[in-house]
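Below are the chains, spelled out letter by letter.
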Amino acid sequence: MAEAKANTEDYLRMYRQMVRIRAFEDNANQLYLSAKMPGLTHMYSGQEAVAVGICEALTDEDRITSTHRGHGHCVAKGAEFREMFCELLGRAEGYCRGKGGSMHIADQAHGNLGANAIVGGSMGIATGAALSAKRLGLDFVAVCFFGDGATAQGLWYEVMNMAALWKLPVIYACENNGYSEYTKTEEIAAGSLTARAEAFGIEAHKVDGQDVLAVNALARKLVERARRGEGPFFVELDTYRYHGHHVGDINRDYYRSKDEEAAWKERRDPIVNFGKWLEAEGILGAEELVAINDEIRTEAEAAVAYALDARYPDAGEVDMHVFAGVEHALPYIDGERT
């Protein structure tokens, strides 16, 4: 109990961050279903303890790379609702000025190098960031988030070999949610995932990805060791996605049962179970937990309303952030480019 009381502020922040991710995803899902959001998106609901447990062990200087299921990582690394919803809706106030959308959102100010629509596509980026930290004598650590399906990508083995040889400060965080799109992980991944990292001499760990305290405790140890030059590391986090592979994947009976989904939601929900622990430890009462949930959901709904009314980028921005030296919107006069 003494330890719990001493870390009250950290616990409250972790709880709030997990609720923020869930609230963001609930609203993003509704935006898609109501045909207000262009493109496709992939829900992170159910995996909140992974993103929060790891990102709470990082600083703004530490880098992360994300996936097509990247909203949770973005929120956990410090992003704001308004800018995120603006990005999903293609508005100019979005983190990428509305050009990245759901699967390419980035937040450089908080060390989020970006989501990636290519499965495993950010593995090289994270490893490259870690290499730059070592070569430049900087103190940051890079964390690469990816799913179990990405362990079939050859790039991962190439970069693990480099990282191990050069002892780079990178942590490969595999979010094993049990499915590679529509196929069970056990049907596409032979052997042990941790053994794949160990083959390169990389220290590997496995942790319950639904337990934010267990994830955070391990992450803090590995991040500090990586800073001391003891990396790289690999972590397999057992978790579960509540929605389908993407928001359009609604009828899922052909590859996973409703009973399975219900069991995870009823017994293994990371937010509910952490809330129960906070109550048991006397840190928060049931009414206080409800108040936090309501406050954050209201904040998310207000951010959605703001984003829906926000302006789109000007047409002159089409080559902004694309070509070197073009740092602002190109001038237009009466609709003609000058």
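Rules used throughout
- Residues numbered from 1 in each chain as written.
- Predicted model: local features only at pLDDT ≥ 70, side-chain atom pairs only at ≥ 80, totals over all residues.
- Heavy atoms only, no water.
- Phe/Tyr/Trp six-rings, centres within 6.5 Å; stacked < 30°, edge-to-face > 60°.
- Helix = DSSP H or I, 4+ residues; strand = E, 2+ residues; numbered from the N terminus.
- Buried < 20%, exposed > 50% of the residue type's maximum accessible area, 1.4 Å probe, protein only.
- Disulfide = S-S within 2.5 Å.
- Contact = heavy atoms within 4.5 Å.
- Expected span 1.5 Å × (residues − 1).
- Polar contact = N/O pair within 3.5 Å; in protein donor to acceptor, adjacent residues only side chain to side chain.
- Pairing = 2+ DSSP bridges.
- Right-handed = clockwise from strand over helix to strand, strands pointing away.

Caption draft 1: Highlighting the packing of aromatic side chains. Applying the stated rule across the entire model yields 15 aromatic pairs. Each ring, one from tyrosine 11 and one from tryptophan 277, has its centre 5.0 Å from the other, and the planes form 85°; the classification is edge-to-face. Within this pair, whereas tyrosine 11 is found in helix α2 (residues 8-33), its partner tryptophan 277 is found in helix α12 (residues 270-280), the two being separated by 266 residues in sequence. Classification of tyrosine 11 as buried rests on a relative accessible area of 8%.

Caption draft 2: Structural view of the state of the cysteines. All chains considered together, the criterion is met by 0 disulfides. The thiol sulfur of cysteine 86 is not disulfide-bonded, and the nearest other cysteine sulfur, from cysteine 96, lies at 12 Å. Taking relative accessible area as the criterion, cysteine 86 reaches 0% and is therefore assigned buried. Cysteine 144 takes part in no disulfide bond, and the closest cysteine sulfur to it belongs to cysteine 174, at a distance of 9.8 Å. Residue classification places cysteine 144 among the buried residues on the basis of a relative accessible area of 0%.

Caption draft 3: Representation of the environment of alanine 28. Relative to the assigned elements, alanine 28 resides in helix α2. When the C-alpha atoms of alanine 28 and leucine 89 are compared, they prove to be 9.6 Å apart, with 61 residues separating the residues in sequence. Residues contacting alanine 28, with those up to four places away along its chain left out, are Met37, Met43, Phe85 and Leu88.

Caption draft 4: Quick look at helix α10 (residues 212-227). With 16 residues, α10 should reach 22 Å at 1.5 Å per residue; the first-to-last C-alpha distance of 22 Å fits that figure. Of the residues making up α10, those classed as buried are Val212, Val215, Asn216, Leu218, Ala219, Leu222, Val223 and Ala226. Looking at the buried residues of α10, the elements they touch are α2, α3 (48-55), β3 (170-176), β6 (203-208), β7 (233-238) and α12. Among the residues of α10, the N-terminal cap falls to aspartate 211, whose side-chain oxygen and the backbone nitrogen of leucine 213 are separated by 3.1 Å.

Caption draft 5: A look at unusual backbone geometry. For the bond from glycine 231 to proline 232, the omega torsion is 0°, close enough to zero to count as cis. Mapped onto the secondary structure, proline 232 falls in the loop between α10 and β7. With a phi close to 50°, lysine 167 is a non-glycine residue in the positive phi region. Tracing the chain through its elements places lysine 167 in the loop between α7 (154-166) and β3. Assessed through its relative accessible area of 49%, lysine 167 is described here as partly exposed.

Caption draft 6: Region of the structure containing the pairing of β3. Where burial is concerned, most of β3 is hidden: 7 out of the 7 residues are buried. Residues Val170, Tyr172, Cys174 and Asn176 of β3 are buried on one face, and the alternating residues Ile171, Ala173 and Glu175, pointing to the opposite face, are buried as well. As paired elements, strand β2 (residues 142-147) and β3 share 6 bridges and run parallel to each other. Paired with glycine 147 across the bridge in β3 is glutamate 175. In this view, the connection linking β2 to its parallel neighbour β3 by way of α7 has right-handed handedness.

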